[in-house]
Amino acid sequence: MTPAAPLFLLDGHPVPFKPGETLIEAATRAGRHIPHLCWHPGFAPHGSCRLCMVAIGERQLAACSTAAEAGLEVRLHGEALAAQRRTLLQLLFVEGNHFCPSCERSGACKLQAEACEAGVEGPHFEQLYPDRPVDASHPDVLLDLNRCILCGLCVRASAQHDGKAVFALGGRGLGTQLVVGSASGRLGDTDLAASDLAARICPVGAILPKRRGFAVPIGQRRYDAAPISALPETDDGMPPP
Amino acid sequence: MNAAPPPAPRKLRLATVSLAGCFGCHMSFLDIDERLFALIERVEFDRSPLTDLKAVGRCDIGLVEGGLCNAENVQVLREFRAHCKTLVAVGACAINGGLPAQRNHLRIDELLRAVYQQRDGLAAGAQVPDDPELPLPLNRVHPIHEVVHIDYSLPGCPPSADAFWQFLTDLMAGRTPQLGHGLMHYD
Ligand code: SF4
Ligand code: SF4
Ligand code: FES
């Protein structure tokens, strides 16, 4: 007889896990959505967006970087955690320039989908309106830093999956920014290919394939069909070209 | 004893305005179509492009489309706040500045010169208009919650007619408006 997989409880629902798995890995396999932006199943956690915060007893922990343990009672829902998630999302919106009506990613954007699901109706905080560049130098890929949320997924995908070093995070605090690994700092001078995972993994509209923006019309996109919590985790931000 | 029939409930007074917006939210509001008949059973319009009244009176609900791009927008918004019990930011521009706010990383004086003095095809000696009747532009476009307290936001660019209807029926029934998936949109 094989021993039953160990379990933890997520809002009272038993979630089986394999030794060494994080809370979010096990929950995702069990079909339970924990909101997240900087986590991706293929990569080590980054722990930066804090959207995946859950409560265990009196403590709050990031589900993407907390190992599952048998018998843990993990809370995801509840008014205090929901309010905190809304605040985190609102801060991400006001820190960048997110004008969804003119964004090619609208309707297929994880930030937007999580915010809609969390019930974020407005930004609440003062808009920063930062002055950030758009880099259109690459023939096939557009980089619009106005929408970058510094999740670091493109950095990890480029280094660990594509075997390149196209992106890095530089600076500190509010000055943190995504930098491009070429002498000129321009995307067109890197070896990034449109088929690289780094060019497709962005959860928001910061890295976009050119000439495909409206191939799927607004209103028929991934999160138009169903809320993000009801959909399976995607491998990539965008399908390969 | 013949009791007089109870008086019909007082109609709610509703004001609407478009500040730095494109009137798209108002057009979408009108898209509730025949539901407008049900609406006017319950509300009376105060200041609104639909009545053409120029001053806002005491209202229960104020719907504000558009953000703040000039001094007159700020004045009108403050009058709405002072007169409306419940003030609603309607649409992307009221909520986060929207498309007009995409000028915010540019200098306003350079923008005005580029449009009125440096474009191709302008008459010789063209000047930036400075008629005293023209409201002064603000350096940056602001969402309305940065200037007055907002009770609710109705997102969308524009919010769909169904979103307007859901929002208003909830509000008229005294419930906190809940849009839910499908009606909650930022685009
Ligand atoms: S990246 Fe997402 S949240 Fe930002 S503007 Fe685009 S659709 Fe909106
Ligand atoms: S460009 Fe996209 S994937 Fe890269 S750090 Fe910014 S938001 Fe994340
Ligand atoms: S997904 Fe856990 S911190 Fe971002």
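Refer to the structure above for everything that follows.
First, a word on scope: everything that follows refers to the structure included in this document. (Residues numbered from 1 in each chain as written. Chains lettered and ligands numbered in written order. Predicted model: local features only at pLDDT ≥ 70, side-chain atom pairs only at ≥ 80, totals over all residues. Heavy atoms only, no water.)

Remarks on the sheet that holds strand S7 (residues 152-154) of chain B
All names here are of chain B.
Working step 1: A sheet is described by the order of its strands in space; here five strands give the open sequence S2-S1-S3-S5-S7, paired in parallel fashion. On the outer flanks of this sheet lie strand S2 (43-45) and S7, each paired with one strand and no other. Pairs of neighbouring strands in the sheet enclose a mean axial angle of 30 degrees, with direction left out of account.
Working step 2: Sheet strands touched by helix H2 (residues 35-42): strand S1 (12-18) and S2. Its angle to S2, the strand with the most contacts, is close to 95 degrees.
Working step 3: Running over the sheet, helix H3 (residues 71-83) touches S1, strand S3 (59-65) and strand S5 (84-90) and is turned about 135 degrees from S5. (Pairing = 2+ DSSP bridges. Helix = DSSP H or I, 4+ residues; strand = E, 2+ residues; numbered from the N terminus. Axes fitted to C-alpha atoms, helices over the stretch in contact; angles between N-to-C directions. Contact = heavy atoms within 4.5 Å.)

What about the site of ligand 2?
Working step 1: Neighbouring ligand 2 are the residues Cys148(A), Ile149(A), Leu150(A), Cys151(A), Gly152(A), Cys154(A), Leu178(A), Cys202(A), Pro203(A), Val204(A), Ala206(A) and Ile207(A).
Working step 2: Its residues assigned to classes, the shell around ligand 2 comprises eleven nonpolar, one polar and no charged. (Near = heavy atom within 4 Å. Nonpolar A, V, L, I, M, F, W, Y, C, P; charged D, E, K, R; others polar.)

Looking at the nonpolar core
Working step 1: Ranked by size, the top nonpolar core spans 62 residues in total, and within it Leu111(A), Phe167(A) and Leu39(B) carry the most contacts.
Working step 2: The element that contributes the greatest number of residues to this core is helix H6 (residues 161-172) of chain B, accounting for eight residues.
Working step 3: Ignoring any residue separated from it by four or fewer positions in sequence, one finds Leu39(B) in contact with Phe29(B), Ile32(B), Phe45(B), Trp165(B), Leu168(B) and Met172(B). (Core = buried A, V, L, I, M, F, W, Y, C linked by side-chain atoms within 4.5 Å. Buried < 20%, exposed > 50% of the residue type's maximum accessible area, 1.4 Å probe, protein only.)

Focus: the packing of H2(B) against H6(B)
Residue and element names in this part refer to chain B.
Working step 1: Running from N to C, H2 and H6 cross one another at 25 degrees; their axes reach a closest spacing of 12 Å. In terms of orientation, H2 and H6 fall into the roughly parallel class. For the crossing formed where H2 meets H6, the hand is left-handed. Contacts between H2 and H6 involve Arg35, Ala38, Leu39 and Arg42 on the former and, on the latter, Ala161, Asp162, Trp165, Leu168 and Met172. (Parallel < 35°, antiparallel > 145°, perpendicular 65-115°, else oblique. Left-handed = near helix turned anticlockwise from the far one by under 90°.)

Examining unusual backbone geometry
Working step 1: Between Cys157(B) and the following residue, Pro158(B), the backbone shows a cis peptide bond with an omega angle of -5 degrees.
Working step 2: Residue placement: Pro158(B) occurs in the loop between S7 and H6.
Working step 3: In this structure, Arg211(A) is a non-glycine residue whose phi angle is positive, near 65 degrees.
Working step 4: When you line up the elements, Arg211(A) lands in the loop between strand S10 (207-209) and helix H5 (222-225).
Working step 5: Arg211(A) sits in the exposed class, given a relative accessible area of 66%.

The analysis is restricted to geometry; functional conclusions fall outside its scope.
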